[in-house]
Each structure stands twice: as C-alpha cells, then as structure tokens.
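Listed here are the chains, written in short residue letters.
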Amino acid sequence: MSTMGFCCCYKQADVMKCVDTIVDKCTDPGCCLSRMRPRYKRLVDNIFPSVPQDGLVKNNMEKLTFYALSSPEKLDRIGEYLFQKASRDISRKRNEFVMIAMEAMDQLLVACHAQTLNLFVESYLRIVQKLLESSEPSLQILATQSFVRFSNIEEDTPSYHRRYDFFVSKFSSMCHNNNPNLVTMEMIRMAGIKGIQGVIRKTVSDDLVENIWEPVHMDKIVPSLLFNMHTMKSKTELVVESGISEEVNDKTDSFSLAESCLRELIGRASFGHVKSVIRPVLKHLDAHHMWVPNVFATQCFRILMFSIQSQYSYAVVETLMTHLDENSNASPKIRTSIADVLSKIIAIAANESVGPTVLEIINSLLTNLRTSVTRRPPSNIGLSESDGENEYREALIHALGEFAAHLPDYQKIEIMMFIMSKVPQFKSSNNPNDLHVQRMCLKSLLMVSTKYSSVQMNATFPQSFLDLLLKTLTASEDEIRFIVLRILHTLLDRHNNVSKLSKATVDISKSDINLEKCSRSDTIFIRKHAQDIYVSIYESLEMTNNTVDNVEAVYTTLALICIELLSEETVLDFIRLILSIQELAITNAVLSTQQKFHLHALVISIMLLVAVVTDLHPLKDYVEKIIEQRKLLSATHLLPEISIHNEVKSASLLPAGVLIEEPELTEALKASGIDITSEAGPVLTHRRSWVENTNMSMKGSFTDLSNLDLDSVNSTPAMQRRFSPNEDLSFEAMKRSLLDNPVIKVEQNTRQTQLCDMFRNTSFQDLVAISTASKDEETLHTKITDVFNKVDISNKLSNVETNNQPIPIYETLFPELFAF
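For the protein, an unreviewed UniProt entry supplies the name Protein EFR3 cmp44E and the organism Aphis gossypii. The UniProt entry for the protein carries this comment under Sequence similarities (unreviewed entry): "Belongs to the EFR3 family."

Below you can see the structure in the form of structure tokens.
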C-alpha cells in the first residue's frame, strides 16, 4: 500500500471513525485490512460461500469448530457475530445465507460443551427468536427444527437467567395456524407442536430455568395440543373401546404428534405437577362443550392415565372427581358424561391405590350418589331430566364397580363394609329420598359384590358386615330386600350355581349342580350364624308385600346355603327352618292365599334339594311322594313354577298328604341316618326349633320355638294361653328340669306332641268348643258377684232391701258404675 493510497474500505469510512470500526466493516476477504480483523470473524466469514446455493463451506466450518474447541472463551463472540450476520441477512431477505448461519450454529452447539456455552446459547436463541418472528413459514419451520435439535443437547452447566416464555407463546400460536394453504397450515402446526415438545424437554429436566408447570404456560401448551388432537382426529382411526390408539413411530400428522407430545408432558410430570396438566384439560373440555358426547374426553383421559407414572395415576381420578363435584349443578347429561369417563379410567388407577386413597375415592362416589338422590328436582322438570339423573346414578355405580373390580379381595371386603356402613338403617320410612338413598347404596354394594370371589365364608362375612346385611334384609321395602338377597347370592355362590337355581323347581338332580364338600371352617361359620341368618330370612317371608321375585330370590338364597354350607352336622337346623316356613304358610292370617301357595312351593323345592345335596335317599323318596300326591290330588298350585299360579284356591282347604308331616319326616330322617334326638330330643315337632342349638337368645319378635302349641293358641283371636293342669312350675320342678331327667323330658315331649296333634287334626268347631267350655258359667257378671260376695262388709253397711229383693253389694259400693 502506498503512502498516500487508501483501501476501498477507508474511502467509504468516515475519517473520524476509529481504525477498529473501519476494520470491522471490512467484509471483503481480499481487502488489505481483512488481515487486521479478529481471527474468529475471519473464520466465520470464510464459512459463507460467494454463491449461497453452494451451501456451507465444510472445510472452513471444520476450522471454525476446531478454533471454538481450542479457544472456548471465544464462543460468545462467535455467537454474537453470527447473530449480527444472520440479522442483516433476515432484514435483506437473503434466506439462503440465514439457513447457512443456522446450520453453523447447530454444528457448534453439538460440538461444544464448554462452560462458556451459555453465552453462545444466548446468541443462538436470539437468532431463533428472530426467525420465529418472521412472517415467512419457511423461516419459522427452520427455527423450530433448529430449536428441537438444541433441546436434545444436555448442557454441562445450568442456566440461571434463561427464559422460554416467548417460545411457549410462539409455538402455541403456531399450533393454531390457519393458513389458507392446507399443506402449509399442517406444516406450521406440526412445527409448533415440535417446538412445544422441545421446550418441555429443555425445561422439565432443569430446575433452574423458568418453571414450565406454571398455569401461565400450561394454559397455552395443553389447549394447543388438545386443539390439534380434536381437529385432526377424523384423519386417524380411533378405537376407544379397545384401548388408546397405538403410538405411531412415523408422526405424519398433527394429531399423532400432539398425542405423543401430551404423553411426554404427563409422563414427565411429578406428583405435584399432575394437576397442573389436568386442570387445563378440564378447562378446555368445559369451554368447548366436549363432554357431550364424551368420546374425545374419554380418549384424552385414557392417554393421560396410560402415560402418567403409575404411582400418580390415582391423582388423575381425584382431580376428575373434584371436577365432578364442582359441576354438581350442571345438567344431568354433562354429569353423566363425566361419570362415564371416570368409570372408563378408574380401573387403571385401582392397582396403584392403597390405604386411605381407596376409601376416599369410594366415599366421593357415594357422596355424589347421595347428593344426586337427595337433590330436590325443580317443579318444571321434564321426563328427560329425570331419566338423565338416573343415568348419572347408574354411571356412578358402574364407576364404583369398575374401581373395585381391580382391587385385591381384602380391599373389596373393606369397601363392602364401608358401603354398608353408609346405608341408612331403618325398618320403614315415609320419605322417598331415604328409601332411594338406601336403594342406591345397596346397588353400589351389589356392584362391588359381583367383583368379589368368595373363598371362606368367615372372611366374606365379617360379623359387623353380616349383621348390617341381615338387618337390611328385613326392611319394609320389597325392592330393598330383593337387592340384599342378590348380594347374598353373589357372595354365597362359589361354584357358579346361581344361574341354575334362579327358579324354584322339583326337577333337579345332583349332576345339575356343582358340589364340593363343606369345609370345617364353613361348618363352624354356619353353626355360629345360622340363627341370625335363618331368622332374617323367615322374617323377610312374613312381609305382606313380597312379590314372586322376592320368593324366588329367597329360594335361590336357601339353595345356595344348602349347596355351599350344609353338612350332616347342620342339615337338621336347616330342615327346621323349612318346616317353620311351611307352618308360616299354614297359620299366618295376614299373607294372601297366593303368597301362601308360593311358600308351599318354596318349601317342597328346598326340601327336595336338601335330600339331593346330602344324599338322603329316604328323605328324597318321601319328598317325591308328596310331590306325586300334590299332582294326583289337584294340588299343583303348591308346586313350582311359582310364577304361573293364576288359579286362586282356598289356602285352608288342603287335601291330606300334600304337606310335609313331621312323623313321616322324622322316620325318613332316621332311615337316612340323621340322629334327631342327639341334641334336644325329637324337636322337629316344635316351631322354629333351631334356636335350641344355640346359646344365643332370639332377637326381635322371635320367641322360643319349642312352644308351638302356645304360639298357635296366641295367634287365634278370643283364645287365651293356658298352662297344662299337670304342669308343675315350682322351684323343685325347675331344679329337676335342669338335672336333665330323661323321664320328665319324655313326658313333656309326649304332652307337647299330643297337644300339637290335637290342634293339627281336630276341626275348627271342635277346637272352639273345647276352648270355650264352661264359658257360660264364667261370665264377667258371675265373677264380679263372687268376688264382692267374699268381701266382709257386715261392719260397714247393712243390707238394704228394695221390693223384698237384696241390692247387690257392688251396686251399693259403686253406684256410679251401674247408673242407667
């Protein structure tokens, strides 16, 4: 260079500028001042070709990379210089050079992992932001692709000041792009979803950066993903019933990509962040009215449940149930749809729910059920609203059953006990809401019981649970009793016999049912609880509002007890119950004639089943003989099928030989090898005599069933209970009875048998004559006269005669009682 000669760059520069400024503005590699430029700038300039179509100069890029690795302190300057060049190219619309700058940035990011990379990243993110702010789709897509590559890089040092709020907002807005060109729109939307996915990957693993789980970010990310999933779902075949849609490796549409991003988002969420994701989902479904129909809502929640960490899955259920509580005043259709979604996902959370969480979920379902039942409907409610409320309750019950189905058996027992404790316990009520609450709770219990498999009865029926169940069995509402019986069916049936025993029949064989020998523990169980069970069943049959379904359900219950629990040790008590039911059909004055016929059919069917199950062939022959007698003597109305009895006959006019007679039954049992005198003598002649085999007192209206003659007399109007003339009630007699004198027992049994036979075989007119004998002499007037005549009142009053007739003493003492 000559003394007075200046380079071209100097001619363009202001003479007042410093030399550094002149040097910086020199971009011509052939210029004489270019050698004065910093080396990193010369290396950066060399990666750009003279013709942009040639692309990045790879040899020079390798030199730049080596320099960056050798001098990591220069990375921040390299990044800043690349940002300046890219900004000029963006403003000049030289997109080819912009792409070369971004490619260089990407390669430097991948190659360099020094501690000073943070400063370089700041320049990189500024370039990405510049590209995203551009209106050209190609640059936005380029920036997104570069950002996704950056999100996969694990940095060595944390960042304390980096923020991604702009990227969240920009990528979310790209997810809603409405470019008129459908291809361009799809590309931009997919780029936005990929960008969101990159932000998630970059932020969730770094606790020092901005918290991506804040509502301000989740309210943008989650709705953007759901928007693409919903708008593009018509392009993807969704099979909700068979499970969530399979994840596709090649994400060729925005729906699949958005679904994958949502899976990754909820999969990375910790327990404290689960609700941060679920809340925007619920808000989006509410705002866009996507609950009815709930196909998309179900799809979303199944994706969430299968993608979340398994130990946090119940948090999704709790959040959805809370949302259901918040929508308690919404329309029944919306609540039903939410409950239906809950029923389809609740089973997924059941396996991970333990301890109090299980009862919390059950309690919430029962609370919603009770709230629905007790909600007072508006005066202008229509039929469709009422039907919607019923569907809502059924959806809640179904959800409860689905939840219980996937729990272990010990937890199912706890759930059943918990539900039973929530059932209102009352014999009768005039409040329809109370009955409806009881009915719904029992339906929930029935749903849970169908998911339980009984093994041992003492584990299936804890004492408190059995007591509440039997107490409800005697409720005044026939439908409630029917539900309780169905619950007993599901818990008692261990060999799938309930479908074969749904109807009373006298045509059954041992090959028709599945039998297994009763275990010792089950024998102990039935001996311990037989009294309570049999008493409750008997009292339920005394109800006047029993329908055919109720009687059939009782038959099924007794048949299952016979198959599952009866043995030679306990069969006698069961037969006593059957005889008591027959006596109920004979002596009860409240039951209708048709109901009495139903009981007779029930008795003969169960007695035949007992003979078949226990292999008591003489008993079976005797029962079959009675069945034939009923057929021959036109007493088929006393046989099953119960539901086809339409002809009304008189219950008091029963032909001889059509009932089970105790003497013949006793002989049949003796011939079968059943010792009926081993415990308490020939007690088959006593009503409800199973109480004699227990050490517990009868409850409620039941009395000692060994006094059949006394109970029968008391049940007849205008008759009084009398003691036998020869009956000694002194202390010595009671002491002798405690010594178990066999002679006295035989005499007592003989007297009771004779009295029972008299009331069974004597006509009604003769019984009236016997019981009213000498009544004419023992009138009230005669008794009063005798009493007062025995009173000595000679010192108090004198006899006063009127018309030569003595005045009765009681008229003298109590004239006001005999004044006319």
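**Focus: the side chain of Asn546**
By secondary structure assignment, the location of Asn546 is in the loop between helix H24 (520-541) and helix H25 (548-565). The exposure class of Asn546 is buried, given its relative accessible area of 12%. A distance of 2.7 Å separates a polar side-chain atom of Asn546 from the backbone oxygen of Ser540. Those residues within four positions of Asn546 in sequence are excluded, and the remaining contacts are Arg481, Ser540, Leu541 and Gln595.

**Describing the environment of Val148**
Of note, Val148 is situated in helix H8 (residues 137-151). Spatially, the C-alpha atom of Val148 lies 9.3 Å from that of Lys202, the residues being 54 residues apart in sequence. Residue contacts for Val148: discarding those within four places in its chain leaves Lys194 and Gly195.

**Regarding empty space enclosed by the protein**
The full count for this structure, using the stated rule, is four cavities of 30 Å³ or more. Each pocket or cavity is described by its volume, and for the largest cavity that value is around 60 Å³. Around the largest cavity, the lining residues are Phe461, Leu466, Leu470, Leu488, Leu492, Phe525, Ile533, Thr557 and Ile561.

**What to know about the pattern of salt bridges**
Here the idea is simple: oppositely charged side chains can pair when their charged atoms come close. Here the structure, examined in full by the defined rule, presents 20 salt bridges. The closest approach of N and O atoms between Arg94 and Asp89, which form a salt bridge, is 2.7 Å. A relative accessible area of 34% means that Arg94 is categorised as partly exposed. Of the charged contacts in the structure, one is a salt bridge between Glu477 and Arg439, with a shortest N-O distance of 3.7 Å. Residue Glu477 is found in the loop between helix H22 (463-473) and helix H23 (478-492), and its partner Arg439 is found in helix H20 (residues 432-449); the two are separated by 38 residues along the sequence. Each of Arg201, Glu264 and Arg268 takes part in a single network of salt bridges with overlapping partners.

**Some remarks on the packing of H25 against helix H26 (residues 571-587)**
Where H25 contacts H26, the axes come no closer than 12 Å and their chain directions differ by 160 degrees. Between H25 and H26, the crossing angle belongs to the class labelled roughly antiparallel. Between H25 and H26 the crossing geometry is left-handed. Facing H25, whose interface residues are Leu558, Ile561 and Cys562, H26 presents Phe574, Leu577 and Ile581. Of the residues assigned to the contact of H25 with H26, the class counts are six nonpolar, no polar and no charged.

**Some details on the packing of aromatic side chains**
As enumerated under the stated definition, the model contains 16 aromatic pairs in all. Residues Tyr164 and Phe167 carry aromatic rings whose centres are separated by 6.1 Å and whose planes lie at 50 degrees to one another, so their mutual orientation is tilted. You'll find Tyr164 and Phe167 in the same group, each marked buried. Aromatic pair Phe166 and Phe167: ring centres 5.5 Å apart, planes at 75 degrees, arrangement edge-to-face. Residue class for Phe166 comes out partly exposed when judged on its relative accessible area of 24%. Here the aromatic residues Tyr124, Phe147, Phe150, Tyr164, Phe166, Phe167 and Phe171 are joined through ring pairs into a cluster of three or more. One Lys or Arg, Arg126, reaches over the ring of Phe83 and ends 4.0 Å from the middle of that ring. Positioned above the aromatic ring of Phe150 is the side chain of Lys202, whose terminal nitrogen or guanidinium carbon lies 4.3 Å from the ring centre.

**Observations regarding unusual backbone geometry**
The amide bond that connects Val292 to the next residue, Pro293, takes the cis arrangement and shows omega of -5 degrees. Among the secondary structure elements, Pro293 is positioned in the loop between helix H13 (274-287) and helix H14 (295-307). In this structure, Asn496 is a non-glycine residue whose phi angle is positive, near 55 degrees. Relative to the assigned elements, Asn496 resides in the loop between H23 and H24. Of note, the phi angle at Asp615 is positive, near 60 degrees, even though the residue is not glycine. Here Asp615 is to be found in the loop between helix H27 (593-613) and helix H28 (617-632).

**Comments concerning the nonpolar core**
In terms of nonpolar packing, the biggest core is built from 211 residues, with Phe147, Phe301, Phe461, Phe574, Leu602, Val610 and Leu619 touching the most fellow members. It is H27 that provides the largest number of residues to this core, a total of twelve residues. With five residues, the next largest nonpolar core counts Phe597, Ala635, Val658 and Leu659 among its residues.

**Things to note about the environment of Val110**
The residue Val110 is located in helix H6 (residues 95-111) in this model. With 39 residues separating them in the primary sequence, Val110 and Arg149 have C-alpha atoms 8.7 Å apart.

**Quick look at the confidence of the model for the protein**
For the protein, the average pLDDT comes to 78, and 73% of its residues sit at 70 or higher. Under a pLDDT of 50 for its full length, residues 234-250 has, in the predicted model, 23 contacts with residues more than four places off or in other chains. Note that pLDDT drops below 50 for residues 643-648; the model gives that stretch eleven contacts with residues more than four away or on any other chain.

The rules behind each value
Residues numbered from 1 in each chain as written. Predicted model: local features only at pLDDT ≥ 70, side-chain atom pairs only at ≥ 80, totals over all residues. Heavy atoms only, no water. UniProt positions renumbered as here; feature names shortened; annotations may be inferred. Helix = DSSP H or I, 4+ residues; strand = E, 2+ residues; numbered from the N terminus. Buried < 20%, exposed > 50% of the residue type's maximum accessible area, 1.4 Å probe, protein only. Polar contact = N/O pair within 3.5 Å; in protein donor to acceptor, adjacent residues only side chain to side chain. Contact = heavy atoms within 4.5 Å. 1 Å grid on protein atoms, 1.4 Å probe; cavity = no way out; pocket = protein on both sides within 12 Å on 5 of 7 lines; lining within 4 Å. Points joined across faces, edges and corners; volume = space filled by probe spheres on them. Salt bridge = Lys/Arg side-chain N within 4 Å of Asp/Glu carboxyl O. Axes fitted to C-alpha atoms, helices over the stretch in contact; angles between N-to-C directions. Parallel < 35°, antiparallel > 145°, perpendicular 65-115°, else oblique. Left-handed = near helix turned anticlockwise from the far one by under 90°. Nonpolar A, V, L, I, M, F, W, Y, C, P; charged D, E, K, R; others polar. Phe/Tyr/Trp six-rings, centres within 6.5 Å; stacked < 30°, edge-to-face > 60°. Lys NZ or Arg CZ within 6 Å of the ring centre and 35° of its normal. Core = buried A, V, L, I, M, F, W, Y, C linked by side-chain atoms within 4.5 Å. pLDDT = per-residue confidence, 0-100.

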